Amino acid sequence: MRDRDRRIRGWLLAGAALALGAGRAAAAIPRIDTIAAGLRFENLTRTVLWKGDQETSRIRASLIAARAEFGLAKDIVVGLDAGLVLTDFTGLVFTGLPVSLQYGAAPLTGFAFGADVVAPLAEFSDFRLSGAGRFAFTFGMTRTWPLEGFAVEGDARGDSSLLEIAAGPRLAYLVVDRIVPYIEVWARWLRAGFAIDESLGDLAGDETKRLRGDLQFGAGLGADAEVTDRLHIQGKAGILPYAGGVDSLMSLGILYKF
(Lines give C-alpha, C1' and ligand atoms only; values in the text may rest on other atoms or scores of the structure.)
Protein backbone atom coordinates (compact mmCIF):
# COMPACT_ATOMS: atom_id res chain seq x y z
CA MET A 1 0.00 0.00 0.00
CA ARG A 2 3.03 2.31 -0.12
CA ASP A 3 1.96 3.89 -3.41
CA ARG A 4 -1.48 4.55 -1.97
CA ASP A 5 -0.06 6.10 1.20
CA ARG A 6 2.19 8.41 -0.81
CA ARG A 7 -0.73 9.32 -3.07
CA ILE A 8 -3.02 10.16 -0.14
CA ARG A 9 -0.30 12.21 1.57
CA GLY A 10 0.25 14.15 -1.65
CA TRP A 11 -3.45 14.83 -2.12
CA LEU A 12 -3.88 15.86 1.52
CA LEU A 13 -0.95 18.26 1.21
CA ALA A 14 -2.50 19.68 -1.95
CA GLY A 15 -5.82 20.02 -0.15
CA ALA A 16 -4.14 21.74 2.79
CA ALA A 17 -2.45 24.18 0.41
CA LEU A 18 -5.80 24.84 -1.28
CA ALA A 19 -7.50 25.38 2.07
CA LEU A 20 -4.72 27.73 3.16
CA GLY A 21 -5.09 29.73 -0.04
CA ALA A 22 -8.86 29.81 0.40
CA GLY A 23 -8.42 30.97 3.98
CA ARG A 24 -6.21 33.83 2.88
CA ALA A 25 -8.71 34.81 0.20
CA ALA A 26 -11.58 34.64 2.70
CA ALA A 27 -9.65 36.87 5.08
CA ALA A 28 -9.76 39.60 2.43
CA ILE A 29 -13.59 39.44 2.24
CA PRO A 30 -15.12 42.05 4.58
CA ARG A 31 -18.05 40.01 5.95
CA ILE A 32 -20.11 36.82 5.99
CA ASP A 33 -23.74 37.68 5.28
CA THR A 34 -25.37 34.29 5.98
CA ILE A 35 -24.55 30.89 7.45
CA ALA A 36 -26.50 27.70 6.74
CA ALA A 37 -25.99 24.11 7.89
CA GLY A 38 -27.59 20.78 7.06
CA LEU A 39 -27.19 17.54 5.15
CA ARG A 40 -26.30 16.71 1.56
CA PHE A 41 -26.91 13.49 -0.39
CA GLU A 42 -25.28 12.68 -3.72
CA ASN A 43 -25.15 9.74 -6.10
CA LEU A 44 -22.71 9.67 -9.00
CA THR A 45 -21.80 7.14 -11.70
CA ARG A 46 -18.71 7.36 -13.91
CA THR A 47 -17.74 4.98 -16.70
CA VAL A 48 -13.94 4.92 -16.96
CA LEU A 49 -11.08 3.09 -18.63
CA TRP A 50 -8.38 2.20 -16.11
CA LYS A 51 -4.75 2.36 -17.22
CA GLY A 52 -3.77 -0.95 -18.85
CA ASP A 53 -7.37 -2.18 -19.30
CA GLN A 54 -9.09 -2.85 -22.60
CA GLU A 55 -12.66 -2.65 -21.34
CA THR A 56 -14.40 0.13 -19.44
CA SER A 57 -15.91 -0.36 -15.99
CA ARG A 58 -18.20 1.77 -13.86
CA ILE A 59 -17.61 3.55 -10.56
CA ARG A 60 -20.67 4.30 -8.43
CA ALA A 61 -20.42 6.57 -5.40
CA SER A 62 -23.14 7.46 -2.88
CA LEU A 63 -22.43 10.23 -0.38
CA ILE A 64 -24.09 11.49 2.79
CA ALA A 65 -22.41 14.49 4.36
CA ALA A 66 -22.81 17.31 6.82
CA ARG A 67 -22.78 20.60 4.95
CA ALA A 68 -22.15 24.23 5.79
CA GLU A 69 -22.70 27.17 3.45
CA PHE A 70 -21.40 30.69 3.84
CA GLY A 71 -22.94 33.59 1.96
CA LEU A 72 -20.20 36.14 1.40
CA ALA A 73 -20.09 39.64 0.03
CA LYS A 74 -21.10 40.13 -3.62
CA ASP A 75 -23.46 37.10 -3.37
CA ILE A 76 -20.60 34.60 -3.42
CA VAL A 77 -21.58 31.27 -1.76
CA VAL A 78 -18.94 28.86 -0.41
CA GLY A 79 -19.91 25.34 0.68
CA LEU A 80 -18.01 22.74 2.73
CA ASP A 81 -18.89 19.01 3.02
CA ALA A 82 -17.63 16.20 5.26
CA GLY A 83 -19.18 12.76 5.53
CA LEU A 84 -19.29 9.12 4.51
CA VAL A 85 -19.24 7.58 1.04
CA LEU A 86 -20.03 4.12 -0.37
CA THR A 87 -18.00 3.42 -3.52
CA ASP A 88 -18.82 0.47 -5.78
CA PHE A 89 -16.23 -0.92 -8.22
CA THR A 90 -18.18 -4.05 -9.21
CA GLY A 91 -16.75 -5.69 -12.34
CA LEU A 92 -13.20 -4.32 -12.00
CA VAL A 93 -10.72 -7.08 -12.94
CA PHE A 94 -7.26 -7.62 -11.39
CA THR A 95 -5.04 -9.93 -13.47
CA GLY A 96 -1.64 -9.13 -11.92
CA LEU A 97 -2.27 -11.12 -8.70
CA PRO A 98 -1.31 -14.74 -7.92
CA VAL A 99 -4.99 -15.55 -8.47
CA SER A 100 -6.90 -13.18 -10.78
CA LEU A 101 -9.86 -11.44 -9.18
CA GLN A 102 -12.98 -9.72 -10.41
CA TYR A 103 -14.19 -7.35 -7.71
CA GLY A 104 -17.68 -8.30 -6.64
CA ALA A 105 -17.72 -7.50 -2.93
CA ALA A 106 -19.98 -4.96 -1.25
CA PRO A 107 -19.26 -1.26 -1.81
CA LEU A 108 -16.30 0.17 0.09
CA THR A 109 -17.07 2.49 2.98
CA GLY A 110 -14.93 5.61 3.15
CA PHE A 111 -14.68 9.26 4.10
CA ALA A 112 -15.42 12.22 1.84
CA PHE A 113 -14.45 15.88 1.98
CA GLY A 114 -15.49 18.59 -0.45
CA ALA A 115 -15.60 22.31 -1.10
CA ASP A 116 -17.49 24.31 -3.70
CA VAL A 117 -18.12 27.91 -4.69
CA VAL A 118 -20.69 29.78 -6.78
CA ALA A 119 -19.66 33.31 -7.78
CA PRO A 120 -21.96 35.65 -9.79
CA LEU A 121 -20.42 37.05 -12.98
CA ALA A 122 -23.20 39.06 -14.60
CA GLU A 123 -26.97 39.74 -14.52
CA PHE A 124 -29.16 40.52 -17.51
CA SER A 125 -32.94 40.71 -17.72
CA ASP A 126 -34.26 37.94 -15.41
CA PHE A 127 -31.10 35.82 -15.50
CA ARG A 128 -27.89 35.57 -13.50
CA LEU A 129 -24.70 34.03 -14.93
CA SER A 130 -22.32 32.56 -12.34
CA GLY A 131 -19.18 30.48 -12.28
CA ALA A 132 -19.40 27.26 -10.24
CA GLY A 133 -16.59 24.98 -9.09
CA ARG A 134 -16.25 21.92 -6.84
CA PHE A 135 -13.41 19.90 -5.32
CA ALA A 136 -14.10 16.49 -3.71
CA PHE A 137 -11.75 13.89 -2.25
CA THR A 138 -12.71 10.44 -0.92
CA PHE A 139 -10.68 7.56 0.47
CA GLY A 140 -12.00 4.15 1.45
CA MET A 141 -11.32 2.17 4.59
CA THR A 142 -9.52 -1.12 3.93
CA ARG A 143 -11.88 -4.03 3.32
CA THR A 144 -10.86 -7.71 3.68
CA TRP A 145 -12.67 -10.69 2.20
CA PRO A 146 -11.78 -14.43 2.09
CA LEU A 147 -10.69 -16.33 -1.01
CA GLU A 148 -12.88 -19.42 -1.14
CA GLY A 149 -12.65 -22.68 -3.07
CA PHE A 150 -8.90 -23.28 -2.54
CA ALA A 151 -7.04 -25.99 -0.59
CA VAL A 152 -5.27 -23.34 1.52
CA GLU A 153 -6.57 -20.27 3.30
CA GLY A 154 -6.31 -16.90 1.65
CA ASP A 155 -7.73 -13.43 1.62
CA ALA A 156 -7.64 -10.17 -0.29
CA ARG A 157 -7.58 -6.61 1.03
CA GLY A 158 -8.68 -3.60 -0.98
CA ASP A 159 -8.88 0.14 -0.60
CA SER A 160 -9.61 3.06 -2.90
CA SER A 161 -9.33 6.81 -3.34
CA LEU A 162 -11.03 9.31 -5.64
CA LEU A 163 -10.34 12.94 -6.47
CA GLU A 164 -12.79 14.95 -8.57
CA ILE A 165 -12.65 18.56 -9.71
CA ALA A 166 -15.61 20.11 -11.56
CA ALA A 167 -16.13 23.58 -12.98
CA GLY A 168 -18.41 25.41 -15.37
CA PRO A 169 -21.01 28.17 -15.85
CA ARG A 170 -24.41 28.31 -14.13
CA LEU A 171 -27.38 30.22 -15.58
CA ALA A 172 -30.16 30.93 -13.04
CA TYR A 173 -33.69 32.22 -13.68
CA LEU A 174 -34.66 34.77 -11.03
CA VAL A 175 -38.36 35.39 -11.61
CA VAL A 176 -40.06 32.50 -9.74
CA ASP A 177 -40.87 33.44 -6.11
CA ARG A 178 -38.89 31.40 -3.53
CA ILE A 179 -37.48 29.04 -6.19
CA VAL A 180 -34.38 29.70 -8.28
CA PRO A 181 -34.07 27.12 -11.09
CA TYR A 182 -30.81 26.92 -13.00
CA ILE A 183 -28.88 25.03 -15.63
CA GLU A 184 -25.20 24.12 -15.36
CA VAL A 185 -22.61 22.92 -17.86
CA TRP A 186 -19.60 21.07 -16.40
CA ALA A 187 -16.17 19.79 -17.12
CA ARG A 188 -15.52 17.04 -14.53
CA TRP A 189 -12.00 15.66 -14.04
CA LEU A 190 -11.57 12.42 -12.07
CA ARG A 191 -8.46 10.75 -10.68
CA ALA A 192 -8.76 7.39 -8.92
CA GLY A 193 -6.84 4.50 -7.44
CA PHE A 194 -7.81 1.02 -6.26
CA ALA A 195 -5.21 -1.21 -4.55
CA ILE A 196 -5.53 -4.95 -3.85
CA ASP A 197 -3.22 -7.05 -1.63
CA GLU A 198 -3.71 -10.81 -1.99
CA SER A 199 -2.33 -13.75 -0.01
CA LEU A 200 -3.05 -17.42 -0.68
CA GLY A 201 -0.93 -19.92 1.24
CA ASP A 202 2.68 -19.15 0.31
CA LEU A 203 1.63 -16.90 -2.55
CA ALA A 204 1.32 -13.14 -2.12
CA GLY A 205 1.03 -10.21 -4.46
CA ASP A 206 -0.50 -6.79 -4.95
CA GLU A 207 -1.88 -4.75 -7.82
CA THR A 208 -3.01 -1.15 -8.08
CA LYS A 209 -5.42 0.14 -10.69
CA ARG A 210 -4.88 3.80 -11.55
CA LEU A 211 -6.90 6.39 -13.39
CA ARG A 212 -4.51 9.25 -14.05
CA GLY A 213 -7.20 11.67 -15.15
CA ASP A 214 -10.56 11.11 -16.83
CA LEU A 215 -12.33 14.19 -18.24
CA GLN A 216 -16.07 14.20 -18.96
CA PHE A 217 -18.40 16.99 -19.99
CA GLY A 218 -22.03 17.18 -18.98
CA ALA A 219 -24.98 19.32 -18.01
CA GLY A 220 -27.52 19.43 -15.23
CA LEU A 221 -30.76 21.05 -14.06
CA GLY A 222 -31.14 22.22 -10.48
CA ALA A 223 -33.12 24.44 -8.17
CA ASP A 224 -32.73 26.20 -4.82
CA ALA A 225 -36.08 26.40 -3.00
CA GLU A 226 -37.02 28.38 0.13
CA VAL A 227 -39.56 26.28 2.04
CA THR A 228 -39.52 28.93 4.77
CA ASP A 229 -37.25 31.87 5.48
CA ARG A 230 -34.98 29.45 7.37
CA LEU A 231 -35.44 26.07 5.66
CA HIS A 232 -33.97 25.63 2.18
CA ILE A 233 -33.90 22.61 -0.17
CA GLN A 234 -31.40 22.20 -3.02
CA GLY A 235 -31.77 19.62 -5.77
CA LYS A 236 -29.82 18.77 -8.91
CA ALA A 237 -29.84 16.08 -11.62
CA GLY A 238 -27.43 15.80 -14.50
CA ILE A 239 -25.95 13.63 -17.22
CA LEU A 240 -22.40 12.99 -18.44
CA PRO A 241 -22.44 11.43 -21.92
CA TYR A 242 -19.62 9.16 -23.11
CA ALA A 243 -19.08 6.98 -26.16
CA GLY A 244 -21.73 4.27 -25.90
CA GLY A 245 -23.79 5.57 -22.99
CA VAL A 246 -24.61 8.18 -20.37
CA ASP A 247 -23.50 8.54 -16.74
CA SER A 248 -25.61 10.35 -14.17
CA LEU A 249 -25.43 12.60 -11.14
CA MET A 250 -28.13 13.39 -8.57
CA SER A 251 -27.92 15.43 -5.37
CA LEU A 252 -30.25 16.73 -2.67
CA GLY A 253 -29.45 19.14 0.13
CA ILE A 254 -31.49 20.27 3.16
CA LEU A 255 -30.20 23.40 4.90
CA TYR A 256 -31.22 25.56 7.84
CA LYS A 257 -30.20 29.18 7.51
CA PHE A 258 -29.15 31.03 10.68
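For every chain, the first residue of its written sequence is number 1, and the numbers climb from 1 along that sequence. Given that the model is predicted, a residue must reach a pLDDT of at least 70 before its local features are reported, and side-chain atom pairs must reach 80 or more before they are shown or counted; all residues, however, enter totals for whole chains, interfaces and linings. Side-chain measures were taken over the full set of non-hydrogen atoms in the model, leaving aside hydrogen atoms and water.

Asker: Run through the overall build of the chain, naming residues and quoting values.
Answerer: In DSSP terms, a helix is any run of H or I states spanning at least four residues, a strand is any run of E spanning at least two, and both are numbered starting from the N terminus. Looking only at helices and strands, the chain features one helix and 13 strands. Secondary structure elements of the chain occur, N-terminal to C-terminal, as α-β-β-β-β-β-β-β-β-β-β-β-β-β. For the chain, with 258 residues in total, the buried portion stands at 38%. Sequence-distant contacts in the chain: of pairs separated by 6 or more residues, those separated by 24 or more amount to 64%. Counting only carbon and sulfur atoms, one obtains 62% of the accessible surface of the chain, whose full area is about 13700 Å². Any residue under 20% of the maximum accessible area for its type is buried, any over 50% is exposed, and the rest in between are partly exposed; the area is computed with a 1.4 Å probe on protein chains only. Residue contacts are defined here by distance: any two heavy atoms, one from each residue, within 4.5 Å place the two residues in contact. The Shrake-Rupley method, run with a 1.4 Å probe, gives the accessible areas here. Residue values count only the displayed protein chains as cover.

Asker: Could you give an account of the environment of Glu-198, naming the residues involved and the relevant values?
Answerer: Tracing the backbone shows Glu-198 in strand β10 (residues 179-200). For Glu-198, a relative accessible area of 1% gives the class buried. Between the C-alpha atom of Glu-198 and that of Leu-101, which follows or precedes it by 97 residues, the distance is 9.5 Å. Any pair of N or O atoms that falls within 3.5 Å is considered a polar contact. Within protein, one atom must be able to donate a hydrogen and the other to accept it, and sequence-neighbouring residues count only if both atoms are side-chain atoms. Separated by 2.8 Å, the side chain of Glu-198 and the backbone nitrogen of Val-99 make a polar contact.

Asker: Help me get a handle on the packing of aromatic side chains, residues and values and all.
Answerer: Pairs were defined over the aromatic rings of Phe, Tyr and Trp, the Trp ring being its six-membered one, requiring ring centres within 6.5 Å. Orientation was assigned from the angle between planes: stacked under 30 degrees, edge-to-face over 60, tilted for the rest. Within the structure shown, the criterion is met by 11 aromatic pairs. Aromatic side chains Trp-50 and Phe-89 sit 6.2 Å apart centroid to centroid with 50° between the ring planes, which places their arrangement in the tilted category. Of the two residues, Trp-50 is situated in the loop between β1 (32-48) and β2 (57-72) and Phe-89 in the loop between β3 (77-88) and β4 (93-94); the sequence distance between them amounts to 39 residues. Of the residues examined, Phe-89 reaches a relative accessible area of 1% and is grouped as buried. Relative to Trp-145, the ring of Tyr-103 has its centre 5.3 Å away and its plane inclined at 80°; by these criteria the two rings are edge-to-face. One end of the pair, Tyr-103, is in the loop between β5 (101-102) and β6 (108-124); the other, Trp-145, is in strand β8 (residues 143-146), and 42 residues separate them in sequence. Look at Tyr-103 and you get buried, because its relative accessible area is 3%. Since its relative accessible area comes to 15%, Trp-145 is described here as buried. Put simply, the rings of Trp-50, Phe-89, Phe-94, Tyr-103, Trp-145 and Phe-194 touch in pairs and so form one group of aromatic residues.

Asker: Kindly report on unusual backbone geometry, identifying the contributing residues and their values.
Answerer: A positive phi is found at Asp-75, a non-glycine position, where the angle reads about 65°. Looking at the element boundaries, Asp-75 is found in the loop between β2 and β3. By relative accessible area, Asp-75 is classed as partly exposed at 47%. Residues other than glycine seldom take positive phi values, yet Ser-125 does so here, at roughly 55°. Given the relative accessible area of 69%, Ser-125 is considered exposed.

Asker: How would you explain the pattern of salt bridges if you had to name every residue and give the values?
Answerer: Here, a salt bridge means any side-chain nitrogen of Lys or Arg that lies within 4 Å of a carboxyl oxygen of Asp or Glu. This model, assessed by the stated rule, comprises 20 salt bridges. Note that Arg-178 is salt-bridged to Glu-226, the shortest N-O span being 3.4 Å. Residue Arg-178 is located in the loop between β9 (154-173) and β10, and its partner Glu-226 is located in strand β11 (residues 203-226); the two are separated by 48 residues in the primary sequence. Salt bridges sharing partners connect three or more residues here, namely Arg-40, Glu-42, Arg-67, Glu-69, Asp-81, Asp-116 and Arg-134.

Asker: Got a sec to walk through the side chain of Glu-198? Specific residues and values, please.
Answerer: In this structure, Glu-198 is buried with no salt-bridge partner, the nearest side chain bearing the opposite charge being Arg-157 at 9.3 Å. The contacts of Glu-198, once residues within four sequence positions are left out, are Leu-97, Pro-98, Val-99, Leu-101, Leu-147, Asp-155, Ala-156, Arg-157, Leu-203, Ala-204 and Gly-205. Neither His nor the chain ends is counted toward charge; the positive residues are Lys and Arg and the negative residues Asp and Glu.

Asker: Can you explain the pairing of strand β13 (residues 245-257)? Please cite residues and give values.
Answerer: Two strands qualify as a pair provided DSSP detects at least 2 bridges between them. For β1 and β13, the ladder comprises nine bridges, and the chain directions are antiparallel. Its bridge partner being in β13, Gly-38 is matched across the sheet by Leu-255. Two elements, strand β12 (residues 231-242) and β13, share 12 bridges in a ladder whose sense is antiparallel. Looking at β13, one finds that Gly-235 is bridged to Leu-252.

Asker: Hey, could you go over the environment of Ala-187 for me, with residue numbers and the actual values?
Answerer: Mapped onto the elements, Ala-187 comes out in strand β10. Taking the relative accessible area as the measure of exposure, Ala-187 reaches 24% and is therefore partly exposed. Along the chain, Ala-187 and Phe-217 lie 30 residues apart, while their C-alpha atoms are 4.6 Å from each other. If we skip the residues at most four places from it in the chain, Ala-187 touches Ile-165, Ala-166, Ala-167, Leu-215, Gln-216 and Phe-217.

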